[in-house]
Amino acid sequence: MAVRITDTCISCGACIDECPVEAIVDDSDNPTDAEIYYVYEDKCVECVGHHASPACMVACPTEGCIILVR
Ligand code: SF4
Ligand code: SF4
C-alpha cells in the first residue's frame, strides 16, 4: 500500500510538503540516485486517515507521474 514516483517527475517540489507522514524525499536524497523525487513505500499510507485521496497525486502537475503500487 503505497505510491511510487516515476521517471516523468520534473522535481518541481509540489508533492513533498503535502505528505502527512514525510514519506517523500527530494532528488538529492533519493536512495536510488535517480534525479527524481522518491517515496519510501514503507512509510506511505496512501494518505488514509489524513486525506480523501493521496495528497501527492493531487498536487503533482505531471499526469501519471505518481502511481499506486499494491
Ligand atoms: S500518498 Fe500520501 S502518504 Fe503516500 S507519499 Fe503521497 S502524500 Fe505521502
Ligand atoms: S509533484 Fe510530481 S513532478 Fe513534482 S516533484 Fe512531486 S512527483 Fe515530481
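Residues numbered from 1 in each chain as written. Chains lettered and ligands numbered in written order. Predicted model: local features only at pLDDT ≥ 70, side-chain atom pairs only at ≥ 80, totals over all residues. Heavy atoms only, no water.

**Structural notes on the overall build of the protein chain**
Okay, so step 1: Scanning the protein chain from N- to C-terminus turns up one helix and four strands.
Okay, so step 2: Its C-alpha atoms give the protein chain a radius of gyration of 11 Å, within 12% of the compact-globule value 11 Å for 70 residues.
Okay, so step 3: Seen through its C-alpha atoms, the protein chain measures out along the principal axes to roughly 30 × 25 × 20 Å.
Okay, so step 4: A burial count over the protein chain gives 36% of its 70 residues as buried.
Okay, so step 5: Of all intrachain contacts in the protein chain linking residues separated by at least 6 positions in sequence, the fraction that spans at least 24 positions is 57%.
Okay, so step 6: Roughly 4400 Å² of accessible area belongs to the protein chain as shown, and the carbon and sulfur atoms make up 49% of that amount. (Helix = DSSP H or I, 4+ residues; strand = E, 2+ residues; numbered from the N terminus. Rg over C-alpha atoms; globule rule 2.2 N^0.38 Å. Buried < 20%, exposed > 50% of the residue type's maximum accessible area, 1.4 Å probe, protein only. Contact = heavy atoms within 4.5 Å. Areas by Shrake-Rupley, 256 points an atom, 1.4 Å probe, with all protein chains shown as cover.)

**Looking at the site of ligand 1**
Okay, so step 1: Ligand 1 sits among V3, C19, P20, V21, I24, V39, C44, V45, E46, C47, P54 and C56.
Okay, so step 2: Placement of ligand 1 is best described as lying within the largest cavity.
Okay, so step 3: Per-class residue counts for the shell around ligand 1 are 11 nonpolar, no polar and one charged. (Near = heavy atom within 4 Å. 1 Å grid on protein atoms, 1.4 Å probe; cavity = no way out; pocket = protein on both sides within 12 Å on 5 of 7 lines; lining within 4 Å. Sits in = over half its atoms within 2 Å of the grid points. Nonpolar A, V, L, I, M, F, W, Y, C, P; charged D, E, K, R; others polar.)

**With respect to the site of ligand 2**
Okay, so step 1: Taken together, 14 residues lie around ligand 2, and C9, C12, G13, C15 and C60 are the ones closest in.
Okay, so step 2: Taken atom by atom, the bulk of ligand 2 overlaps the second largest cavity.
Okay, so step 3: Of the residues contributing to the shell around ligand 2, the split by class is 11 nonpolar, three polar and no charged.

**As for unusual backbone geometry**
Okay, so step 1: With a phi angle near 55 degrees, S11 is a residue other than glycine that sits in the positive phi range.
Okay, so step 2: Its relative accessible area of 24% is what places S11 among the partly exposed residues.
Okay, so step 3: Of note in the backbone geometry, E22 takes a positive phi value of approximately 50 degrees without being a glycine.
Okay, so step 4: Summarising the element assignment, E22 is placed in the loop between β1 (2–5) and β2 (24–25).

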